[in-house]
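One-letter residues, chain by chain:
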Amino acid sequence: MKKKLLKIINGVLENNNRKKIEDINDNISLRNDVGFDSLDLAEFTVCIEKEFGIDIFENSLVDTIKEVVKKIKG
Amino acid sequence: MSKIFFYNLLDNEKILYEDLLNRLNKKNMFYYPYCYTKKYSDIFINILVSLLADDEIVLLDSDFSKEELGNISINKEKLSIRKKVEYSPLKSVQDLIFRIKNASKWRTTLFSSGTTGLPKKITHNYFSITKEVKISKEKINNTWGFAYNPTHIAGLQVFFQALLNYNSIINLFQLSRKNIFKLIKKYQITNISATPTFYRQLLPPEDIFPNVERITFGGEKYDKKISKETKIIFPKAKILNVYALTETGTIFASKGDNFTLKDKYKDLIKVVNNELLIHKDLLGEFDLLELKNSSWYHTSDIVEIIKKNPLEFKFKYRKSEMINVGGYKVSPYEVEEVIRRHPKVQNVVVYGKSNSVMGNLIYCDIELKDKKITEKDVRLFLINKLQRFKIPRVINFVDNISTARTGKVKRL
């Protein structure tokens, strides 16, 4: 799953003409480490929903990879 | 005097009221009547100098592209104009506030997304910008978290509310959540006014800040759930929901999503066919063609009447096709017009879809002349032509864009 997440994150970065990241781990924060702002997160959540069928931000915001994985796994 | 006027972590800049007076009392003062800068403190000081000069200032979003500036007839020459001003030295902050309040000829022009695709020019005077500003001795110790674009009406209103009460302004706009929390605590912020999208980024609640006394929601449809969760972070805060337009500034405030009409507005606001109408006396100056020879401005906001006297209502939805992305209004026509200029694009339709982070997000369907471009190509083409929030975040390439019977592109 993390490979898929990395691909999605890099897709968002690439679409916005920003440098891709090489690796992710549980503690990486989407806002502070990846540098996503609200617009990027909005795009990220659409891509996640397309891939996994879940709106990870529906009830509350998540920030770390660990939280994203937890949401996807339900 | 050592009180902070403005602090911005983004520019690592702290200006005390004392520094502000020194800057405003410099010799050979001037300001830029076409204000176009990323630095918030420069925007605020430019506004103050224009007020002291009792003259006009045009506020331009710092992320307007060259092309967007061109569309509103702003060129390099205009941006480089510096206007010399003369006024007697300021003696104190009270003196500054007194003079600002007497700037009877001062005008500021702002731009709001227009329904035709071109930004709409709206001019306000001191009275129309500050009509809902509340000044009192009890407010002197307030510290404001600044969470709006300073060239937009909501940002200006917070600026005046804070300045006229001699309050400190701490910028929270465009900061990470970690830094927002850090600053709320460090500077003991008491008041925050922001969009639901701003508060959404503070969730889930992790910490509590009892120092915050008032939270104001504006710019987007009120979100009860966000309001409830925000209350956990700021347990002592009173929550206020405001309705404002660039054309009017704030006109309603409520504790929830029901608004009650204040007595002073009773002849200036009415509901016709469920649409909220505002009398021209409450509007800033703008293209009167919009009013179509009537005294009433149609807001496109559809409301549900709860009580007739005094009028109590709540907002249902917007009739217009403008898309509200985290408090920024986007005209799909403007975005379509720019995308259509790509040599490989045959046709395009731009629309909004609801989004759990931004309220709404911009999507587009593109029909290509040949299949040789990617989503990234389209995005790169748009980067220097449109403000960031206007660029579609989801691009679908389709074989055929359906057209309605009239030949108009069908907006989904």
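Residues numbered from 1 in each chain as written. Chains lettered and ligands numbered in written order. Predicted model: local features only at pLDDT ≥ 70, side-chain atom pairs only at ≥ 80, totals over all residues.

Okay, the sheet that holds strand β25 (residues 394-397) of chain B next. Residues and elements named next belong to chain B. If you walk across this open sheet you meet the three strands as β23-β24-β25, and the pairing is mixed. Both outer strands of the open sheet, β23 (345-355) and β25, are each paired with one neighbouring strand and no more. If you compare each strand with its neighbour and ignore which way they point, the axes differ by 25 degrees on average. Examined bridge by bridge, strand β24 (residues 359-368) and β25 share four bridges and lie parallel to one another. (Pairing = 2+ DSSP bridges. Helix = DSSP H or I, 4+ residues; strand = E, 2+ residues; numbered from the N terminus. Axes fitted to C-alpha atoms, helices over the stretch in contact; angles between N-to-C directions.)

To continue, consider the domain arrangement of chain B. Per the domain assignment, the segments making up chain B are domain 1 (4-242), domain 2 (257-318) and domain 3 (323-397). Taking only C-alpha atoms into account, the centre of domain 2 of chain B sits 32 Å from that of domain 3 of chain B. (Domains from an automatic or database assignment.)

Moving on: the sheet that holds strand β9 (residues 143-146) of chain B. Residues and elements named next belong to chain B. Pairing within the open sheet is mixed, and its eight strands lie in the order β2-β1-β10-β9-β11-β12-β13-β14. Edge positions in the sheet fall to β2 (13-16) and β14 (249-254), since each has one partner strand and no second. The mean inter-strand angle of the sheet, taken between neighbouring strand axes irrespective of direction, is 20 degrees. Here β9 pairs with strand β11 (residues 191-194) via three bridges, running parallel. Bridge assignment links Gly 145 to a residue of β11, and that residue is Ile 192.

Okay, the environment of Arg 388 of chain B next. By the secondary structure assignment, Arg 388 of chain B is in the loop between α12 (375-383) and β25. Distance from Arg 388 of chain B to Asp 63 of chain B, taken between C-alpha atoms, is 7.7 Å for residues 325 residues apart in sequence. For Arg 388 of chain B, the residues in contact, after removing those within four places along its chain, are Leu 39 of chain A together with Asp 63 of chain B. (Contact = placed C-beta atoms within 7 Å.)

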